[in-house]
Amino acid sequence: MWYTFKVIIYYSYQNTTIMKTAELLHNPKAGEEEHSEKQLVKSIKAAGFKCRYLSTKTDEWKNTDKDTEFFIVAGGDGTIRKVAKSIYCNETPDLPVAILPMGTANNIAQTMGLTQAPEKIIESWHDARIKQVDTGTVSGHEKPVFFLEGFGYGVFPRLMHTMKNYDKASMSTDERLQKALEELYSIVLATPALEYTITMDNKDYSGKYIMAEVMNIRSIGPNLVMAPDADPGDGYFDVVLVAEQQRGLLAGYIAALKDGAEHPEFPLHAITAQHITVHAQELYLHADDKLMQLGEAATMTIAPGEKQLRFLVTQ
C-alpha cells in the first residue's frame, strides 16, 4: 500500500501538481494596494492553500519551513530573480516556484503565459504543471554571474543607468513603462556602434553593434518582445544583435510601442545558441536587473547554468 502511494504521488508531481503548502515570498513595494500582505494571504487561503507570509525585503524568507512544498513569488522580475538565484545557489531548497506578477514589466510571467488576474492565477495552481526553466551563467567578470532573463550590452544597460535618476515609486505602472520607452528611444538614436568580437557555437558574428542581448525569455525591458519564439526550457539562448545599419529598425519598433501600438512585430530575428563568447568595447552590461559597468574591455563567456529551475505554469 505504501509503494502504491509513492507511485501516485510521483505521477501527479510530474504532470499536475497536488501541492497545498506554500511560502508566500512578497515584495511589499510591488503592485498596488489591493496586493497587500493581508489581501494576498486571504486570497491564497480562500483558494484552498496553506501559506506562510515572508517579505523579500528581509533575509528571513530564506528560512524555509520543512513542510513547504512550493514558493509563491509575489512581485516583479527582480523579485523572481532574487528567489531563483537563491535556489540556484542552494541557499534555499529546490522547490517549484509559482509566480504572482506584480511588478512593472513582468517579462518572466508573460513568457510563462501568466497574464490573468491574480485570483485566476492562484486558482490555476490546483491544475498547474511543472516547467523546467533554463538558467544562464557568465564568466569573465570578477566572479560568475547568474541570470534568468538575459544578459547583454549596449542600449538596455544604458537605459537601466538612466532610469536610476527617476523616482519610480511616484509613478504608476503605465507611467514607468512609458518613461522607459521614451528614454530607450533616445538612447537607441544616440548610442554609438562599437566593435564586438562574438562567437556563438563556433560561428563568428563579429561586427559593430549598438546592442547585443542574450535572452532566455521572450521579452526584455519595457515589454519589448524581441524573441517571440523563445522557450526558456529548451536549453538554448536567443541572441539579438543590432548593427549600426539596423538602428532605425529598432528605433521604429520602440516608437510604435511608445505611441501606443499593440503588439508590433519585432523587425529582427534572434539567433539560437548555447555557448557564446563576447569581447566588446562597450562597458555597460546587465544580467537581468543587475547593472554592471566594466573598467576596461573584457571577454565574457555565456553558457547554460548547471541546473534548471522549476516553475508552475498552466500552458
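What comes next is a walk through the structure. Predicted model only: the values in this text are computed from it and were never measured.

Topic: the pattern of salt bridges
Alright, step 1. The full count for this structure, using the stated rule, is 11 salt bridges.
Alright, step 2. The shortest N-O distance in the salt bridge between Arg247 and Glu244 comes to 2.8 Å.
Alright, step 3. The buried category is assigned to Arg247, whose relative accessible area is 12%.
Alright, step 4. For Glu244, a relative accessible area of 37% corresponds to the partly exposed category.
Alright, step 5. Here Asp259 ties to Lys258 by a salt bridge, and the two come within 3.6 Å at their closest N and O atoms.
Alright, step 6. According to the relative accessible area criterion, Lys258 is partly exposed, its value standing at 22%.
Alright, step 7. What you see here is one network of salt bridges that share partners, running through Glu23, Arg52 and Asp65.

Examining the packing of helix α7 (residues 173-190) against helix α8 (residues 247-258)
Alright, step 1. As a packed pair, α7 and α8 sit with axes 9 Å apart at the nearest point and diverge in direction by 165°. One element, α7, and the other, α8, form an angle in the roughly antiparallel class. For α7 against α8, the interelement crossing comes out left-handed. Listed contacts from α8 to Gln178, Leu181, Glu182, Leu184, Tyr185, Val188, Leu189 and Ala190 of α7 are Arg247, Leu250, Ala251, Ile254, Ala255, Leu257 and Lys258.

Thoughts on the pairing of strand β3 (residues 70-75)
The side chains of a regular strand alternate between both faces of the sheet.
Alright, step 1. Counting buried positions along β3 gives 6 out of 6 residues, so the element sits mostly inside the fold.
Alright, step 2. Taking every second residue as pointing to the same face, both faces of β3 are buried, with Phe70, Ile72 and Ala74 on one and Phe71, Val73 and Gly75 on the other.
Alright, step 3. Here 5 bridges tie strand β1 (residues 21-26) to β3, and the two strands are oriented parallel to one another. Residue pairing for β3: His26 is matched across the bridge by Ala74.
Alright, step 4. In terms of strand pairing, β3 meets strand β4 (residues 97-101) through 5 bridges, oriented parallel. Residue Val73 lies in a different strand from β4, and its bridge partner there is Ile99.
Alright, step 5. Between the parallel elements β3 and β4, the chain passes through helix α3 (residues 77-88) in a crossover that is right-handed.

Procedures and definitions
Residues numbered from 1 in each chain as written. Predicted model: local features only at pLDDT ≥ 70, side-chain atom pairs only at ≥ 80, totals over all residues. Heavy atoms only, no water. Salt bridge = Lys/Arg side-chain N within 4 Å of Asp/Glu carboxyl O. Buried < 20%, exposed > 50% of the residue type's maximum accessible area, 1.4 Å probe, protein only. Axes fitted to C-alpha atoms, helices over the stretch in contact; angles between N-to-C directions. Helix = DSSP H or I, 4+ residues; strand = E, 2+ residues; numbered from the N terminus. Parallel < 35°, antiparallel > 145°, perpendicular 65-115°, else oblique. Left-handed = near helix turned anticlockwise from the far one by under 90°. Contact = heavy atoms within 4.5 Å. Pairing = 2+ DSSP bridges. Right-handed = clockwise from strand over helix to strand, strands pointing away.

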